[in-house]
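Single-letter residue listing:
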Amino acid sequence: MPRRLIVGNWKMHKTATEAAAIVQQLMKLVPEPGNVEVVLAPPFTALQAAGQAMPIPHPFILAAQNLFWEDQGPFTGEISAPMIKELGCQYVILGHSERRQHFGDHDEGINRKIRAALRHRLRPILCVGESLGDREGGRTETVVTGQLLRCLDGISKDELRMITIAYEPVWAIGTGRPASPAQAAAVHKTLRATLASSWGPEACKPVRILYGGSVTPENAGEFLVSDQVDGALVGGACLDPQSFAKMIGLAQNVAG
Ligand code: 13P
């Protein structure tokens, strides 16, 4: 089984100064991430401060929450792969449902963003997930596999190993109402089968599938014990260092 991954998506929270303080607290609470890969995704403006708050080599890996697919140019307000790469990012979250919902991100654009990330050796964390209407209408599998295949269109077997998938049901994000571990495991299984049928079982082995949506220290263990769940993408609960440290601890215990 690939190394477990716990990602904190800070969304639009915390200034650079606040981010540095959180990273320092987290380092005290988690002196050694050990067998778990811990990724922090603060806002763009806090990436540098978060990096500078850590010794080298960094105990926690940095991620950006988005990028634009061009490297540079007249794209006011956008941020490119080389820019976040220089700040020390190794990962980038792409296709988050909040970006799809509020900022018009769509599968074809997300595909271009994934290709841009890969060109610069950044590891994309691709988010997929169904709305409540999709789930109630029995369309969960069709929706998530459609997103997966469109966003990963044209990706080679070699590139696939750089990809992480996050299954985040839209109805579970920020609602305090997570999917059940069984629901998550079922969708993860479908995603894995889809990857295997398109790229072959060997090529998709290193691809980790995370669950995200109202993950807390209270429920994280139930997801992480499943051999279908390679880690968690945590929103709200990652902003409290104590809570985030607890979830990292749970992942460390499961990973053994
Ligand atoms: P919450 O953990 O706040 O539900 O957010 C999940 C999420 O969107 C992580 O990307």
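Conventions we followed
- Residues numbered from 1 in each chain as written.
- Predicted model: local features only at pLDDT ≥ 70, side-chain atom pairs only at ≥ 80, totals over all residues.
- Heavy atoms only, no water.
- Buried < 20%, exposed > 50% of the residue type's maximum accessible area, 1.4 Å probe, protein only.
- Helix = DSSP H or I, 4+ residues; strand = E, 2+ residues; numbered from the N terminus.
- Right-handed = clockwise from strand over helix to strand, strands pointing away.
- Pairing = 2+ DSSP bridges.
- Axes fitted to C-alpha atoms, helices over the stretch in contact; angles between N-to-C directions.
- Parallel < 35°, antiparallel > 145°, perpendicular 65-115°, else oblique.
- Left-handed = near helix turned anticlockwise from the far one by under 90°.
- Contact = heavy atoms within 4.5 Å.
- Nonpolar A, V, L, I, M, F, W, Y, C, P; charged D, E, K, R; others polar.
- Polar contact = N/O pair within 3.5 Å; in protein donor to acceptor, adjacent residues only side chain to side chain.
- Near = heavy atom within 4 Å.
- Areas by Shrake-Rupley, 256 points an atom, 1.4 Å probe, with all protein chains shown as cover.

Sorry if this is basic, but what is going on with the pairing of strand E3 (residues 61–64) here?
Two faces, one strand: in a regular strand the side chains alternate between the faces of the sheet. Of the two faces of E3, the one carrying Ile61 and Ala63 and the one carrying Leu62 and Ala64 are both buried. Considered for its hand, the β-α-β crossover made up of strand E2 (residues 36–41), helix H2 (residues 44–52) and E3 is right-handed. Note that E3 and strand E4 (residues 89–94) share three bridges and pair parallel. Bridged to Ala63 within E4 is Tyr91.

Help me understand the packing of helix H1 (residues 16–29) against helix H12 (residues 241–255) in this model?
Each pair of packed helices gets described by two things: the angle between the helix axes and the distance between those axes. It is the contact of H1 with H12, at a shortest axis distance of 9 Å, that shows an interaxial angle of 40°. In this view, H1 runs oblique relative to H12, as classed from their interaxial angle. With respect to the hand of their crossing, H1 and H12 are arranged in right-handed fashion. Judged by residue contacts, Ile22, Gln25, Leu26 and Leu29 of H1 engage Pro241, Gln242, Phe244 and Ala245 from H12. Tallied by class, residues from the contact of H1 with H12 come to six nonpolar, two polar and no charged.

Would you explain the side chain of Asn9 in this entry?
With respect to the secondary-structure elements, Asn9 resides in strand E1 (residues 4–9). Among the residues examined, Asn9 registers a relative accessible area of 5% and is labelled buried. Within polar-contact distance, the side chain of Asn9 engages the backbone nitrogen of Lys11 at 3.0 Å.

Any chance you could explain the site of the ligand here in plain terms?
Taken together, Asn9, Lys11, His96, Glu168, Ala172, Ile173, Gly174, Gly213, Ser214, Leu233, Gly235 and Gly236 make up the full set of residues adjacent to the ligand. Within the contact set of the ligand, an oxygen atom lies 2.7 Å away from a side-chain nitrogen or oxygen of His96. One of the backbone nitrogen or oxygen atoms of Gly236 is found 2.8 Å away from an oxygen atom of the ligand. Within the complex, the protein chains bury 95% of what would otherwise be the 300 Å² of accessible surface of the ligand. Of the residues in the shell around the ligand, the class split is three nonpolar, seven polar and two charged.

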